[in-house]
Amino acid sequence: MAKTVTTLADGRELIYFDAGAVAPPRTAVDRRPLDRSAPASEVRLDRATGAWVTIAAHRQARTYHPPADECPLCPSRDGRLSEIPDADYQVVVFENRFPSLATAPPDLRPGGVHPGAGHPDGGAPGADPMRTARPGDGRCEVVCFTADHDVSFADLDEDRARLVLDAWTDRTAELSVLPEVAQVYCFENRGAEIGVTLAHPHGQIYALPFTTPRTARMIEQAGRHREATGRNLFEDLLAAERADGERVVAAGEHWTAFVPFAARWPYEVHLYPNRRVADLTELTEDERAEFPARYLDLLRRFDALFATPQARRPASGRTPYISAWHQAPARNGGELALHLELFTVRRAADKLKHLAGVESGMDAFVNDIAPETAARRLRDALARPA
Ligand SMILES: [Zn+2]
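Residues numbered from 1 in each chain as written. Predicted model: local features only at pLDDT ≥ 70, side-chain atom pairs only at ≥ 80, totals over all residues. Heavy atoms only, no water.

### Thoughts on the sheet that holds strand β12 (residues 267-273)
Moving on, step 1. Taken in spatial order, the eleven strands of this open sheet run β1-β2-β5-β7-β9-β8-β13-β14-β12-β11-β10, and their pairing is antiparallel. Across the chains shown, the open sheet's two edge strands, defined by having one partner strand only, are β1 (2-7) and β10 (248-251). Here the strands of the sheet are splayed against their neighbours by 20° on average, with no regard to which way each runs.
Moving on, step 2. Sheet analysis places β10 next to strand β11 (residues 255-258), joined by three bridges and oriented antiparallel. Opposite Ala 251, over in β11, you have Thr 256 as the bridge partner.
Moving on, step 3. Lying over the sheet, helix α2 (residues 213-229) contacts β8 (183-190), β12, β13 (321-326) and β14 (339-344), oriented at roughly 130° with respect to β14.
Moving on, step 4. The strands touched by helix α3 (residues 233-244) within the sheet are β10, β11 and β12, with β11 carrying the most contacts at an inclination of about 75°. (Pairing = 2+ DSSP bridges. Helix = DSSP H or I, 4+ residues; strand = E, 2+ residues; numbered from the N terminus. Axes fitted to C-alpha atoms, helices over the stretch in contact; angles between N-to-C directions. Contact = heavy atoms within 4.5 Å.)

The structure is reproduced here in structure tokens:
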């Protein structure tokens, strides 16, 4: 994998990732008249639950469902200037123009260094304990999987999926060492049903200045399990699923995909490396080499769930999903094991799962599909005659 780092007109960083050891020349310059803007978000602590909330009111102005010929994630071609200066690319990562989180450069920082700097998960010392808030430091990056506007991740070949994995790994390594960053989260939202506002195949990376509630709960559970049993929770979970087999969707030499026993979503699959690691940077070459086949297989099973034709279709007609990498935070990551959680909000061809009163009001899920049934349907999804 070859990396070329460049800067956009407003100072944001953009990185080209190319397969092979040598990158093609990536010298195109961003010629758009863009102003540098100071990030303006804030993170506030909800004292009642201990969860941090990001207040990013400036994002209301962001690009919303642009027509295909104004796509900001297509390469710059035929006189049309986009976020990517080059006329073609393989995988590209750049800082989001409308970030929920961003660390201001020193000259744009009001009053110089802010008091929360270097204290992930802590508030400003001496502040009102009922109103703990910090600047929304961190970084939000966009990951474009391909220059082709009309495909989806499931349509990529294994080499390209591997290049995306390498880009996620690179970003995890670089972002997790930043002093203001507590957790690096790589994810993809696909489908308008999920709230995706740009159709171009892309994902995102959030480098967060706090540990997210779900991650914090997992670390806590793993700590309790260690105390009670002397063992690692995630190793025990994976071993139990592999021994039982009823919820296993697919398994390879290095990865296992299963529907969790207490799945929250109609179709939800967790993909674990068989050897426990903390984050993407700890995967071996053999584990990396097998990942593309495993992951593409899962995405294609999701697409095949709802009796959809196998022909290439616009992403908007396919199974909407969220694909979420769970990685142990570099500091205080406890025993969290790297894994990917893939799930859809679609529960039938014409029905979506909405997060209503019980889920949104109480964070308690009601799932209409038995995890064992979901696993069976996912196993059978690609066997169905076309
Ligand atoms: Zn596009």
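From this point, the discussion proceeds with the structure in view.
### Topic: the coordination of the zinc ion
Moving on, step 1. Taken together, the protein donors to the zinc ion comprise Cys 71 (SG), Cys 74 (SG), His 149 (ND1) and His 200 (ND1), at separations of 2.1 to 2.3 Å.
Moving on, step 2. For the zinc ion, the four donor atoms in the first shell make angles of 104 to 119° at the metal, so the coordination geometry reads as tetrahedral.
Moving on, step 3. Taken in chain order, the donor set of the zinc ion reads C-x2-C-x74-H-x50-H.
Moving on, step 4. Judged by relative accessible area, which is 3%, Cys 71 ranks as buried. (Donors = N, O, S within 2.8 Å, 3.2 Å for Na, K, Ca; no water. Tetrahedral: all angles 85-135°; square planar, octahedral: opposite > 155°, others 65-115°. Buried < 20%, exposed > 50% of the residue type's maximum accessible area, 1.4 Å probe, protein only.)

### Description of the packing of helix α1 (residues 158-176) against helix α4 (residues 285-304)
Moving on, step 1. At a minimum axis separation of 9 Å, α1 and α4 run at an interaxial angle of 120°. One finds that α1 runs oblique with respect to α4. You can see that α1 and α4 cross each other, and the crossing is right-handed. Note on element contacts: α4 touches α1 through Glu 285, Arg 288, Ala 289, Phe 291, Pro 292, Ala 293, Tyr 295 and Leu 296, opposite Glu 158, Ala 161, Arg 162, Leu 165, Asp 166, Trp 168 and Thr 169.
Moving on, step 2. Partitioned by chemical class, the residues of the contact of α1 with α4 number nine nonpolar, one polar and five charged. (Parallel < 35°, antiparallel > 145°, perpendicular 65-115°, else oblique. Left-handed = near helix turned anticlockwise from the far one by under 90°. Nonpolar A, V, L, I, M, F, W, Y, C, P; charged D, E, K, R; others polar.)

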